[in-house]
Amino acid sequence: MALAVERAVMPDNALRNILRRVPPNSVLYYPGLDYGNWYTGTILDYSGLSAPNNGTITGATPVRLSSGLPVLSLDGDDYVEIADAPNLRNFTSFSLKMWVKTVSTSAYIIHKGSLLSNKYYTVYTDANGKLIFAYRDDNVLEKSLTSTNAWNDNKYHHVVAVRTSGVSTEIFVDGVSDGSSTAGIGTGSFTGADRVLRFGTSSVAIPTNYLTGYVPLPVIVPEALTIGWAINNCKKESWMLGV
């Protein structure tokens, strides 16, 4: 895969020092510090948890961007799977952050579902390439929020999907709000979403709606991140993605 040269590769030690800055209170963070392990099918969680939420890579190919940042290339039948853990669902407010580069429509970026109860949370692209942030909590409150714009333009975009329990849902793209709602938000947790979590496809037994593209530097935080956080994080990381 040919990669456009945007900047000189940063020395590994300098890049690693930047990537070691763990987002506060995160329960999953994949900065790529374990790039060598990716070839053996494992991606390590650097959130700092005593029992980290490491992932298993199926099919995705490791590549490095011109900045030196390692990313996984998802080719339409690849994904990363993370085993179920209480800290990935025992929350009411939460935020899902990731960079996304794709041309896919009707494809899952992240999805965590349930074995029997149909509880879930997810971010995916719809048939028009817009982002959908959707969930169904333990109180059977179902919510779906669609971004104003389509983002499947084969460029890297900084995406943060936020649920503030009982208050609002919002999608930030590149540090700007691109969809929000204060209606029917719900206050339930997601303990019933007890199936695996996956990046790049659905979490059902037979995966569907695969993503083609990249989802680097994902973070899950069991609290509502602010637009200020989204702006600052986007600025801090954008150079690594060449944007």
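In what follows, the structure referred to is the one given above.
Presented here is a report on the structure given in the accompanying data block. (Residues numbered from 1 in each chain as written. Predicted model: local features only at pLDDT ≥ 70, side-chain atom pairs only at ≥ 80, totals over all residues. Heavy atoms only, no water.)

## Concerning the pattern of salt bridges
One pass over the full model with this rule turns up six salt bridges. Measuring nitrogen to oxygen at the nearest pair gives 2.7 Å for the salt bridge that ties K97 to E237. With a gap of 140 residues between them, K97 in strand β7 (residues 94–102) and E237 in helix α2 (residues 227–238) connect regions that are remote in the sequence. Across the pair, exposure class does not vary: K97 and E237 are buried alike. Residues participating in the shared-partner salt-bridge network are D84, R89 and K112. (Salt bridge = Lys/Arg side-chain N within 4 Å of Asp/Glu carboxyl O. Helix = DSSP H or I, 4+ residues; strand = E, 2+ residues; numbered from the N terminus. Buried < 20%, exposed > 50% of the residue type's maximum accessible area, 1.4 Å probe, protein only.)

## A word on the packing of aromatic side chains
Remark: the centre distance and the inter-plane angle together describe each pair of aromatic rings, the angle taken between the planes. Using the criterion set out here, one finds 16 aromatic pairs in the structure. Consider the rings of Y79 and Y210, whose centres lie 6.4 Å apart with planes at 40 degrees: the pair is tilted. Of this pair, Y79 sits in strand β6 (residues 79–82) while Y210 sits in the loop between β15 (197–199) and β16 (212–214); the two residues are 131 residues apart in sequence, bridging distant segments of the chain. When the centroid spacing of 5.2 Å and the interplanar angle of 75 degrees are considered together, the rings of F94 and F190 count as edge-to-face. Of this pair, F94 sits in strand β7 while F190 sits in the loop between β14 (176–181) and β15, placing them 96 residues apart in sequence. (Phe/Tyr/Trp six-rings, centres within 6.5 Å; stacked < 30°, edge-to-face > 60°.)

## Comments concerning the sheet that holds strand β2 (residues 42–43)
What the eight strands build is an open sheet, ordered β2-β3-β6-β15-β8-β9-β10-β11; its pairing is antiparallel. Looking at which strands have only one partner, the edges of the open sheet turn out to be β2 and β11 (142–150). Taken together, the six bridges between strand β9 (residues 120–125) and strand β10 (residues 130–136) define a ladder with antiparallel strand orientation. Bridge assignment links Y120 to a residue of β10, and that residue is R136. (Pairing = 2+ DSSP bridges.)

## Describing the side chain of S73
In this fold, S73 is placed in strand β5 (residues 70–75). Assessed through its relative accessible area of 2%, S73 is described here as buried. Only 3.1 Å separates the side chain of S73 from the side chain of D75, close enough to count as a polar contact. (Polar contact = N/O pair within 3.5 Å; in protein donor to acceptor, adjacent residues only side chain to side chain.)

## Re the layout of surface pockets
Approximately 290 Å³ is the volume found for the largest pocket. In terms of lining residues, the largest pocket is bounded by 14 residues, among which I18, R21, N233, K236 and E237 are the most central. Of all elements in the fold, only α1 (12–19) and α2 reach the threshold of two or more residues within the lining of the largest pocket. Here the lining of the largest pocket takes five residues from α2, the largest share from any one element. Counted by class, the lining of the largest pocket contains nine nonpolar, two polar and three charged residues. (1 Å grid on protein atoms, 1.4 Å probe; cavity = no way out; pocket = protein on both sides within 12 Å on 5 of 7 lines; lining within 4 Å. Points joined across faces, edges and corners; volume = space filled by probe spheres on them. Nonpolar A, V, L, I, M, F, W, Y, C, P; charged D, E, K, R; others polar.)

## Notes on empty space enclosed by the protein
Any empty space left between the atoms is revealed when a probe the size of a water molecule rolls over them. Here the structure, examined in full by the defined rule, presents two cavities of 30 Å³ or more. Size it by volume and the largest cavity reaches roughly 160 Å³. Taken together, 15 residues line the largest cavity, and the ones lying closest to its centre are I43, L72, V215, P216 and P218. Looking at the lining of the largest cavity element by element, the count peaks at four residues for β5. Looking at the lining of the largest cavity residue by residue, the class counts come to 14 nonpolar, one polar and no charged. What the second largest cavity holds in volume is close to 40 Å³.

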